[in-house]
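Each chain, letter by letter, is given below.
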Amino acid sequence: MATPVVTKTAWKLQEIVAHASNVSSLVLGKGSGRLLATGGDDCRVNLWSISKPNCIMSLTGHTSPVESVRLNTPEELIVAGSQSGSIRVWDLEAAKILRTLMGHKANICSLDFHPYGEFVASGSQDTNIKLWDIRRKGCVFRYRGHSQAVRCLRFSPDGKWLASAADDHTVKLWDLTAGKMMSEFPGHTGPVNVVEFHPNEYLLASGSSDRTIRFWDLEKFQVVSCIEGEPGPVRSVLFSPDGCCLYSGCQDSLRVYGWEPERCFDVVLVNWGKVADLAICNDQLIGVAFAQSNVSSYVVDLTRVTRTGTVAPDPVQDSRPLAQQPPNPSMPLRRIYERPSTTCNKPQRVKQNSESERRSPSSEDEERESRAEIQNAEDYKEIFQPKNSISRTPPRRSEPFPAPPEDDTAPAKEVAKPTPAMDVQLPMPNAEPVIIPATRNEPIGLQASDFLPAVKMPQQAELVDEDAMSQIRKGHDTMCVVLTSRHKNLDTVRTTWATGDVKTSVDAAVAINDLSVVVDLLNIVNQKASLWKLDLCTTVLPQIEKLLQSKYESYVQTGCTSLKLILQRFLPLITDILAAPPSVGVDISREERLHKCRLCYKQLRSISSLVKSKAGLSGRHGSAFRELHLLMASLD
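Residues numbered from 1 in each chain as written. Predicted model: local features only at pLDDT ≥ 70, side-chain atom pairs only at ≥ 80, totals over all residues. Heavy atoms only, no water.

Draft legend 1. Highlighting helix α7 (residues 534–548). In a regular helix each residue adds 1.5 Å, so 15 residues correspond to 21 Å; α7 covers 21 Å between its end C-alpha atoms and thus fits that length. If you check which residues of α7 are buried, you get Leu534, Leu536, Cys537, Thr538, Thr539, Val540, Leu541, Gln543, Ile544, Leu547 and Leu548. (Helix = DSSP H or I, 4+ residues; strand = E, 2+ residues; numbered from the N terminus. Expected span 1.5 Å × (residues − 1). Buried < 20%, exposed > 50% of the residue type's maximum accessible area, 1.4 Å probe, protein only.)

Draft legend 2. Spatial organisation of the sheet that holds strand β26 (residues 275–281). Within the open sheet, the four strands sit side by side as β1-β28-β27-β26. Their pairing is antiparallel. Looking along the sheet, the strands with just one partner apiece sit at the ends: β1 (10–17) and β26. If you compare each strand with its neighbour and ignore which way they point, the axes differ by 20 degrees on average. Pairing of β1 with strand β28 (residues 294–301) involves seven bridges; the strand directions are antiparallel. The residue of β28 that forms the bridge with Lys12 is Tyr298. (Pairing = 2+ DSSP bridges. Axes fitted to C-alpha atoms, helices over the stretch in contact; angles between N-to-C directions.)

Draft legend 3. Expanded view of the side chain of Thr170. Tracing the chain through its elements places Thr170 in the loop between β15 (161–166) and β16 (171–175). Among the polar contacts made by the side chain of Thr170, one reaches the side chain of Asp168 at a distance of 2.7 Å. Not counting chain neighbours up to four residues away, the residues in contact with Thr170 comprise His146, Ser164, Ala165, Glu184, Phe185 and Val192. (Polar contact = N/O pair within 3.5 Å; in protein donor to acceptor, adjacent residues only side chain to side chain. Contact = heavy atoms within 4.5 Å.)

Draft legend 4. View of the pairing of strand β11 (residues 119–124). When you tally the buried positions in β11, you get six out of six residues, the bulk of the element. Here β11 shows a buried face lined by Phe119, Ala121 and Gly123 and a second buried face lined by Val120, Ser122 and Ser124. Where strand β10 (residues 108–113) lies against β11, five bridges are found, and the strand directions are antiparallel. Counted as the bridge partner of Phe113 is Val120 from β11. When β11 meets strand β12 (residues 129–133), the two strands line up antiparallel, connected through five bridges. Bridge pairing links Phe119 to Asp133 in β12. Counted between consecutive antiparallel strands, the loop separating β11 from β12 contains four residues, among which Thr127 sits at a positive phi close to 75 degrees.

Draft legend 5. Region of interest: the environment of Leu515. Relative to the helices and strands, Leu515 is located in helix α6 (residues 515–525). With relative accessibility at 25%, the residue Leu515 sits in the partly exposed group. It is 7.7 Å that separates the C-alpha atoms of Leu515 and Leu547, two residues lying 32 residues apart in sequence. Those residues in contact with Leu515 that sit more than four places away from it in its chain are Gln543, Lys546, Leu547 and Tyr555.

Draft legend 6. Looking closely at the pattern of salt bridges. For the coordinates displayed, the defined rule picks out 14 salt bridges. A salt bridge links Arg70 to Asp112; its shortest N-O distance comes to 3.0 Å. You can see Arg70 sitting in strand β6 (residues 66–71) and its partner Asp112 sitting in strand β10, a full 42 residues away along the chain. For Arg151, the salt bridge goes to Asp167, with nearest N and O atoms at 3.0 Å. (Salt bridge = Lys/Arg side-chain N within 4 Å of Asp/Glu carboxyl O.)

Draft legend 7. Structural context of the packing of aromatic side chains. Under the defined criterion, the tally for this structure stands at nine aromatic pairs. Centroid distance Phe239 to Trp259: 5.5 Å. Interplanar angle 90 degrees. Geometry classified as edge-to-face. Highlighted residues: Phe239 in strand β22 (residues 237–239) and Trp259 in strand β24 (residues 253–259), separated in sequence by 20 residues. Both residues of the pair, Phe239 and Trp259, belong to the buried class. For the ring pair Tyr552 and Tyr555, a centre distance of 5.2 Å and an interplane angle of 50 degrees mean the geometry is tilted. Judged by relative accessible area, Tyr552 falls into the partly exposed class, the value being 33%. (Phe/Tyr/Trp six-rings, centres within 6.5 Å; stacked < 30°, edge-to-face > 60°.)

Okay, here's the thing in structure tokens:
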């Protein structure tokens, strides 16, 4: 009998050549998670079924590269914007061009379908946002306010608001019924690439090139929390369907975040490079990325990913006690969207005075020239042709993608065939060492019976008060000595800090040779990153290596936090100094700095092997070490 196969958490599904030239845009269908649309420099829009190698349909008509594409939720319509500023809408079921919309003066950077009405929003490098009525083929409203290219547009779930993100470092919220800006959300220090509404609550998330994700309260119009330290620019975020967490597609990893308070629930290594879009279906997250003419798709099994606050927080992201956890995530903290039962009210229509916003005289000819070339008739009928007026495919209950084995090259081992009376216990692939948790309700290794004399005979006399108290006091004097010694050591460190600097106090704590004192001191230093200096790192790094190997969770947590601060602040400096050519002449300060960098680099290499060995663990420790492993990738 073969051993049951241990499957992967994340894997690459397929890689296709999507266009004859470079791919310039792509999007996943959010309704099914099975439909992929790509736009290329060859001026075509191609549609693909995830996991199938052949193109289903190719849409032509644009005369310049396709810069942005978007599918509506039922996956019946697709809109594509080009570099010239033209927008085309196709009906996928009828396989024909539906509308050509002209009006923007520069390339189209972002598009989105209204969730209920037949409207499309477009954002351009000309800094304008336009709302289009697909039925009337015209611009309903133009929103002005951004000073640079509009990179992302999203309608709210109730269809009343429109959020926009731009290169001017701002996020703006527009009221569609009033036709004006409701609020502006500053705070990012780089171009904002993506915005996403919470599926239920009045909450908005934005991701920026400044490597931060911000959460905004749409009732109070203020920031709720900010997550910093992303490994690269944030280009793709997605709330879970139940709204309990946010998925962030980072460089070669998927991160799962909570926002009240901000924390990282899990980190999953996925070698997808710069992921362009995310979708969820059947408890699987689908991610797509492109490079030149190739498009790759990846799958993450969400059943094996920590997604809620019921699990202890990631020690790298948060060191607060569990008592500060937010209330039950199923209880909404803010107002919930009221979705209309039918289509939304049409936004206020404005008089069109500009010739550029009227339908161009040649648009009829352009619609006739646009074609939908069906290249795979069988897949087209299966996906787009409705079998009746209700059921459409891709099916709502599609099967999840099968996961490959954890190790494709490992041969299957045979085990003894179990007998009916035998319980088969499968070994865990990555067993965690015994860790003493930081929060517990009872002391470790102490039992009440240890403090009471054993009762040998049932008829023995009852224990008198004096005997009971003497047993309880057993070990009390020893504990008092330990606590008194620790208090004395901490007082010594405090006095050293008051008369000297942080480096001197850390040296004193290390000289005491008591890790508990080092942990207490690091917990203070970690709260103010400006206290960290390069010479402090040379002293602390050997202690961090000891903390990461400790059996106490609080020690591991402090070690991870300190190591993350060092990597974020000093690793680029260390690598740059070591890679710099030697200086001419004698520079004592440079030689000292070079010596410190070499010492830190050697210690980081030693810690890197330890972090790598622990990155395969599950739960809170695994996610912490996986994030550290990503930050230390440049050391390999």
